[in-house]
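Each chain, letter by letter, is given below.
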Amino acid sequence: FVAENGDKIVGNVSFSSVPSELISDILTAVARGKMSKGDASGDDLKFMRVGDLRKRLHDKGLCIDGSREAMIALLKENSRGND
C-alpha cells in the first residue's frame, strides 16, 4: 500500500514515530514482491519472511525472538561458525 500510494502519503503522514524496523520490513516486502521467483536465492536472508527466518532459527536450536535484523545477524553468525 505504502509503495503504491507514496504520492498520497508523503507530506500527509508523519513517520517520525515509526520504528526503523517497520520501514525496513516494508521495503523488504516491496523488494520481495518486485523480484521474480528465479531472482531470489533461497539463502538470501535479507529477503526471507520473518516466519521463514524464525523457522530456520528454530531448526538450528537458536532463539527465535528479536527483530528481522537480529535474526539475520544470528543466522549469519551461526553459519560462519559452522563453515
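Rules used throughout
- Residues numbered from 1 in each chain as written.
- Predicted model: local features only at pLDDT ≥ 70, side-chain atom pairs only at ≥ 80, totals over all residues.
- Heavy atoms only, no water.
- Helix = DSSP H or I, 4+ residues; strand = E, 2+ residues; numbered from the N terminus.
- Buried < 20%, exposed > 50% of the residue type's maximum accessible area, 1.4 Å probe, protein only.
- Contact = heavy atoms within 4.5 Å.
- Areas by Shrake-Rupley, 256 points an atom, 1.4 Å probe, with all protein chains shown as cover.
- Salt bridge = Lys/Arg side-chain N within 4 Å of Asp/Glu carboxyl O.
- Core = buried A, V, L, I, M, F, W, Y, C linked by side-chain atoms within 4.5 Å.

## Some points on the overall build of the chain
Point 1. Across its full length, the chain carries four helices and zero strands.
Point 2. Starting at the N terminus and ending at the C terminus, the chain contains elements arranged as α-α-α-α.
Point 3. Evaluated residue by residue, the chain yields a buried proportion of 14% over its 83 residues.
Point 4. Considering only residue pairs separated by 6 or more positions, the chain has 23% of its internal contacts joining residues 24 or more positions apart.
Point 5. Of the roughly 6100 Å² of accessible surface on the chain, a fraction of 54% belongs to carbon and sulfur atoms.

## Quick notes on the environment of Leu 74
Point 1. Here Leu 74 shows up in helix H4 (residues 68-82).
Point 2. Once the C-alpha coordinates of Leu 74 and Ile 64 are considered, the two residues, 10 residues apart in sequence, prove to be 9.5 Å apart.
Point 3. Here Leu 74 is in contact with Leu 57, Leu 62 and Cys 63, once residues within four sequence places are set aside.

## Description of the side chain of Arg 68
Point 1. Positionally, Arg 68 belongs in helix H4.
Point 2. For Arg 68, a relative accessible area of 8% puts it in the buried group.
Point 3. The contact partners of Arg 68, leaving out residues within four places of it in the chain, are Ser 24, Asp 25, Thr 28, Arg 32, Lys 46, Met 48, Arg 49, Val 50 and Leu 53.

## Concerning the pattern of salt bridges
Point 1. Summed over all chains, the structure comprises one salt bridge.
Point 2. Across the pair Asp 59 and Lys 55 runs a salt bridge whose closest N-O atoms are separated by 3.0 Å. A residue pair is termed a helical-turn pair when its members lie 3 or 4 positions apart in one helix, as Asp 59 and Lys 55 do in helix H3 (residues 50-59) at four residues. Each member of the pair, Asp 59 as well as Lys 55, carries the same accessibility label: exposed.

## Comments concerning the environment of Ile 26
Point 1. Within the secondary structure, Ile 26 is located in helix H2 (residues 20-34).
Point 2. You can call Ile 26 partly exposed: its relative accessible area is 28%.

## Details of the nonpolar core
Soluble globular proteins tend to bury their nonpolar side chains together.
Point 1. Ranked by size, the top nonpolar core spans seven residues in total: Leu 45, Met 48, Leu 53, Leu 57, Met 71, Ile 72 and Leu 75.
Point 2. For this core, the element with the highest residue contribution is H4, accounting for three residues.
Point 3. In contact with Met 71, not counting residues within four places along its chain, are Val 50, Leu 53, Arg 54, Leu 57, Ile 64, Asp 65 and Gly 66.

Geometric descriptors of this kind do not, in isolation, establish any biological role.
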